[in-house]
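As a plain string of letters, each chain reads:
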Amino acid sequence: MADQQARPGEDKRPSEIPVIRWEEPPEGPVLILLDQTRLPSEEVELVCTDASALVEAIRSLAVRGAPVLGIAGAYGVALAAARGFDVDEAAEALESARPTAVNLSVGVRRALAAFRDALAATGDPTAAATAALAAAQALHREDAEASARMAAHGLALLDELMPGGGHRVLTHCNTGALVSGGEGTAFAVALAAHRVGRLRRLWVDETRPLLQGARLTAWEAARSGMAYTLLTDSAAGSLFAAGEVDAVLVGADRIAADGSVANKVGSYPLAVLARYHHVPFIVVAPVTTIDPDTPDGASIEVEQRPGFEVTEILTPQASAVGGGGGVPLAPLGTQAYNPAFDVTPPELVTAIVTEEGTVSPVTPEALAALCARSRATPAA
């Protein structure tokens, strides 16, 4: 079950607002999420007491963004174990909640493996639940550390590509603290540039159809004191033509073994524009987003979202209810094409920045070497 609790709209930095946290009140453990569908108008917490509530939160995008989905998935397994539910069943439901984001399955499988190993070793479900929670908490810490390292690598790359600072960066969707255990992926790089005085302007695509850029990235940029400007997705081309973009920074939900990148729909057109205008197109994502079991872009399952997300404008209140209920934009019965993601081929990607370093040019061999290096590095 899930409950929602309104929080006062205090002026806080995004990183100070718990995006996801585990608590153990007297009535039993819970997973608490900042409901991203209600931002920026309200800061509302969603309290999940079982995996099914978390699955619904993931599907409704109350919690979203590749890295934090992995964290949520791991905590969901721990929650099912601690509450005495069928852990395998919960893991299966969680893993299938959003098919494109590979981090979700990585997090679920990590906590599930810890649970099974402890159960086999001790025969004690309580000890196994404790092991699953420890795995989730470790993943949470590691993601925060990875975020900081990605920011450092990404800033170094920006400075290498554009010496002297004054970076004008275009970003798409939302990749800040709301998607991470730390300060994010692509947004964290822009934030690092801002903190050292080298970010001149953050161009924020509003990101149709759910407006994660307008609702979430602009919210994070404003709270961080960054110079930012919001634009419609279709206006990006005019920015490139006017020479107003120095680099594109985006995240990723899955990176195939050949370097193809699945990200929020609209990313691929930006890559095409960037290539034509000789602007670097940079992907920032943790190593866990690289999926060696997915050979190429054609093998990535692209999630199809409900048509009403295109045919209606959803208010935060309508989004919380689910199933539409927004303001109609199109005639009743209009069919909508609404893929959640598109896939950018590796030849359009200037670099992939991870916590383990930067891959450029993007090749299968370079990605494989990066993943091998990551596996050889002990977790902190």
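Residues numbered from 1 in each chain as written. Predicted model: local features only at pLDDT ≥ 70, side-chain atom pairs only at ≥ 80, totals over all residues. Heavy atoms only, no water.

### With respect to helix 2 (residues 66-83)
With 18 residues, helix 2 should reach 26 Å at 1.5 Å per residue; the first-to-last C-alpha distance of 26 Å fits that figure. Most of helix 2 sits inside the fold, with 16 of its 18 residues counted as buried. Looking one or two residues past helix 2, Gly84 carries a phi angle of roughly 80 degrees, positive in sign. (Helix = DSSP H or I, 4+ residues; strand = E, 2+ residues; numbered from the N terminus. Expected span 1.5 Å × (residues − 1). Buried < 20%, exposed > 50% of the residue type's maximum accessible area, 1.4 Å probe, protein only.)

### Focus: the pattern of salt bridges
For the coordinates displayed, the defined rule picks out 17 salt bridges. Ionic pairing is found between Glu43 and Arg223, a salt bridge with its closest N-O pair at 2.7 Å. A residue pair is termed long-range when its members are at least 10 positions apart, and Glu43 in strand 4 (residues 43-48) and Arg223 in helix 7 (residues 212-223) qualify at 180 residues. Across the pair, Arg223 and Glu43 agree in class, each one buried. Measuring nitrogen to oxygen at the nearest pair gives 2.9 Å for the salt bridge that ties Asp246 to Arg168. One end of the pair, Asp246, is in the loop between helix 8 (236-241) and strand 8 (247-250); the other, Arg168, is in strand 5 (residues 167-171), and 78 residues separate them in sequence. (Salt bridge = Lys/Arg side-chain N within 4 Å of Asp/Glu carboxyl O.)

### Here's the deal with empty space enclosed by the protein
Tallied over the entire structure, the rule returns two cavities of 30 Å³ or more. Counted as a void, the largest cavity has a volume near 240 Å³. Lining the largest cavity we find 26 residues, and of these Arg64, Gly65, Ala66, Cys173 and Asp253 sit closest to its centre. Secondary structure elements with two or more residues in the lining of the largest cavity: helix 2 and strand 10 (261-264). Along the lines of polarity and charge, the residues of the lining of the largest cavity split into 12 nonpolar, nine polar and five charged. (1 Å grid on protein atoms, 1.4 Å probe; cavity = no way out; pocket = protein on both sides within 12 Å on 5 of 7 lines; lining within 4 Å. Points joined across faces, edges and corners; volume = space filled by probe spheres on them. Nonpolar A, V, L, I, M, F, W, Y, C, P; charged D, E, K, R; others polar.)

### Considerations on the sheet that holds strand 8
Pairing is mixed in the open sheet, where seven strands are placed in the order 7-6-5-8-11-16-17. Looking at the sheet topology across the chains shown, the edges are occupied by strand 7 (228-231) and strand 17 (357-359). Sheet twist, expressed as the average angle between the axes of neighbouring strands with direction ignored, equals 25 degrees. Where strand 5 and strand 8 come together, three bridges link them in parallel fashion. Within the sheet, the bridge partner assigned to Leu170 lies in strand 8 and is Val248. Sheet strands touched by helix 6 (residues 186-195): strand 5, strand 6 (199-205), strand 8 and strand 11 (281-284). Its angle to strand 6, the strand with the most contacts, is close to 155 degrees. Sheet contacts for helix 9 (residues 267-276): strand 5, strand 6, strand 8 and strand 11; angle to strand 11, the most-contacted strand, approximately 140 degrees. (Pairing = 2+ DSSP bridges. Axes fitted to C-alpha atoms, helices over the stretch in contact; angles between N-to-C directions. Contact = heavy atoms within 4.5 Å.)

### A short note on unusual backbone geometry
Geometrically, the link from Leu39 to Pro40 is a cis peptide bond, its omega value of 5 degrees lying close to zero. The omega angle of the peptide bond from Ser360 to Pro361 is 0 degrees, so this bond is cis rather than trans. Assignment of secondary structure puts Pro361 in the loop between strand 17 and helix 12 (364-376). Positive phi values are uncommon outside glycine, yet His278 reaches one of about 60 degrees. Residue placement: His278 occurs in the loop between helix 9 and strand 11. Exposure remark for His278: the relative accessible area of 73% places this residue in the exposed category.

### What about the packing of aromatic side chains?
This structure, assessed with the given rule, holds one aromatic pair. Considering the side-chain rings of Trp22 and Tyr75, the 6.0 Å spacing of their centres and the 20 degrees angle between planes classify their relative orientation as stacked. Taken together, the residues Trp22 in strand 2 (residues 20-23) and Tyr75 in helix 2 connect sequence positions 53 residues apart. Taking relative accessible area as the criterion, Trp22 reaches 15% and is therefore assigned buried. Looking at Tyr75, the relative accessible area reads 4%, which means it is buried. (Phe/Tyr/Trp six-rings, centres within 6.5 Å; stacked < 30°, edge-to-face > 60°.)

### Here's the deal with the sheet that holds strand 10
Taken in spatial order, the four strands make up an open sheet running 12-9-10-15, and their pairing is mixed. In this open sheet, the two edge strands, each paired with only one partner strand, are strand 12 (290-291) and strand 15 (341-344). With two bridges joining them, strand 9 (residues 254-256) and strand 10 adopt antiparallel strand pairing. Its bridge partner lying in strand 10, Arg254 is registered against Ala262. Relative to the sheet, helix 9 contacts strand 10 and strand 15, its axis offset from that of strand 15 by approximately 30 degrees.

### Section: the confidence of the model for the protein chain
A low pLDDT means the predicted coordinates there should not be read in detail. When pLDDT is averaged along the protein chain, the result is 92, and 92% of the positions lie at 70 or above. A low-confidence stretch, residues 1-15 stays under pLDDT 50, and its non-local contacts, those more than four residues away or across chains, total 44 contacts. (pLDDT = per-residue confidence, 0-100.)

### A word on the side chain of Thr289
Mapping Thr289 onto the fold places it in the loop between strand 11 and strand 12. With relative accessibility at 0%, the residue Thr289 sits in the buried group. For Thr289, the residues in contact, after removing those within four places along its chain, are Val102, Asn103, Ala252, Asp253, Arg254 and Ile255.

### Observations concerning helix 7
If you check helix 7, its first and last C-alpha atoms are 16 Å apart, about what 12 residues at 1.5 Å a residue would give, namely 16 Å. Burial of helix 7 is extensive: 10 of the 12 residues sit out of reach of the surface. Among all positions of helix 7, only Gln212, Gly213, Arg215, Leu216, Thr217, Ala218, Trp219, Glu220, Ala221 and Arg223 are buried. At its buried positions, helix 7 is contacted by strand 4, strand 5, helix 6, strand 6, strand 7 and strand 10. Looking one or two places after helix 7, you find Gly225, whose phi comes out positive at around 75 degrees.

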